[in-house]
Amino acid sequence: MISSLRGQVLSIGLDHAVVEVGGVGFAVQATPATLASLRRGEEGRLATSLVVREDSLTLFGFADAEARELFGLLQTVSGIGPRIALATLAVLEPDKLRAALAEGNITVLTQVPGIGRKGAERLIIELRDKVGQLASAPDAVSDSGRVRTHVTEALLGLGFPAKQAEQSVDAVLAADGSLGTSEVLRRALAALGRKR
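The text that follows walks through the structure, step by step, so that each part is easy to find. Here the structure is a predicted model, which means the values were calculated and not measured.

Procedures and definitions
Residues numbered from 1 in each chain as written. Predicted model: local features only at pLDDT ≥ 70, side-chain atom pairs only at ≥ 80, totals over all residues. Heavy atoms only, no water. Axes fitted to C-alpha atoms, helices over the stretch in contact; angles between N-to-C directions. Helix = DSSP H or I, 4+ residues; strand = E, 2+ residues; numbered from the N terminus. Parallel < 35°, antiparallel > 145°, perpendicular 65-115°, else oblique. Left-handed = near helix turned anticlockwise from the far one by under 90°. Contact = heavy atoms within 4.5 Å. Nonpolar A, V, L, I, M, F, W, Y, C, P; charged D, E, K, R; others polar. Phe/Tyr/Trp six-rings, centres within 6.5 Å; stacked < 30°, edge-to-face > 60°. Buried < 20%, exposed > 50% of the residue type's maximum accessible area, 1.4 Å probe, protein only.

Quick look at the packing of helix α2 (residues 65-74) against helix α4 (residues 94-103)
Logical step 1: In the contact formed by α2 and α4, the axes pass within 10 Å of each other and the chain directions differ by 40°. Between α2 and α4, the angle falls in the class oblique. For the pair α2 and α4, the sense of crossing is left-handed. Contact with α2, carried on its side by Glu-66, Ala-67, Leu-70 and Leu-74, involves Pro-94, Asp-95, Leu-97 and Arg-98 of α4 and no other residues of that element.
Logical step 2: For the contact of α2 with α4, a count of residues per class yields five nonpolar, no polar and three charged.

Quick look at the structure:
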């Protein structure tokens, strides 16, 4: 199982990136938000999930392990394959997806192409309890620390100096420590953009 990749980003397409690791270029399918965090010619790091089919091996990449876990969880529901699971994460950030499942919000889930009303109901029935466990598993301290690490690494990958990246992430987390990775990254980037 290939659970993560770190290497030079050779190219970025509309739905995938090619990351070179040890002289081998891996094509990794990913959401637009994940692809936007990568820069061609620079080092990139992705949490990955390898999907093995009779006729193919497909690698899917994610900004963090949390998104990768949700990707795997979505596929446990009948009728949801890797493509729809990836589309779900492209439309809904992990926090929004978890909230929609926990609250039984069919309207939010049907925004995903390929998921109709019945599919949304099936997702809610099968994943409501599992998503709650996934969210409450890590304690607040380790969760905040994990978010800090991921976001700082992402900012370094975008070319920001380490000290500046750490300070902006710490400031965002100090204001609200309950934020998810993507929201912390968004706010840290906004703060760093103002400083430039």
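Here's the deal with the environment of Leu-179
Logical step 1: With respect to the helices, strands and loops of the structure, Leu-179 is situated in the loop between α8 (162-175) and α9 (181-195).
Logical step 2: The spatial distance from the C-alpha of Leu-179 to the C-alpha of Ala-65 is 16 Å, given a sequence separation of 114 residues.

Some thoughts on the packing of aromatic side chains
Logical step 1: One pass over the structure, following the stated rule, counts two aromatic pairs.
Logical step 2: Seen in terms of ring centroids, Phe-60 and Phe-71 are 5.0 Å apart; in terms of plane orientation they differ by 40°. Their pairing is tilted. Remark: Phe-71 occurs in helix α2 and Phe-60 occurs in strand β5 (residues 56-62); sequence separation between them is 11 residues.
Logical step 3: Relative accessible area serves as the criterion here: at 0%, Phe-71 is assigned to the buried category.
Logical step 4: For the ring pair Phe-62 and Phe-71, a centre distance of 4.8 Å and an interplane angle of 50° mean the geometry is tilted.
Logical step 5: Taking the relative accessible area as the measure of exposure, Phe-62 reaches 1% and is therefore buried.
Logical step 6: Following the ring pairs from residue to residue traces out a cluster consisting of Phe-60, Phe-62 and Phe-71.

Things to note about the packing of α2 against helix α3 (residues 82-91)
Logical step 1: With their axes 9 Å apart at the nearest point, α2 and α3 run at an angle of 135° to one another. Overall, the two elements α2 and α3 adopt an arrangement that is oblique. Handedness of the crossing formed by α2 with α3: right-handed. Side by side, α2 and α3 meet where Ala-67, Leu-70, Phe-71 and Leu-74 of the first sit next to Pro-82, Ala-85, Leu-86, Thr-88 and Leu-89 of the second.

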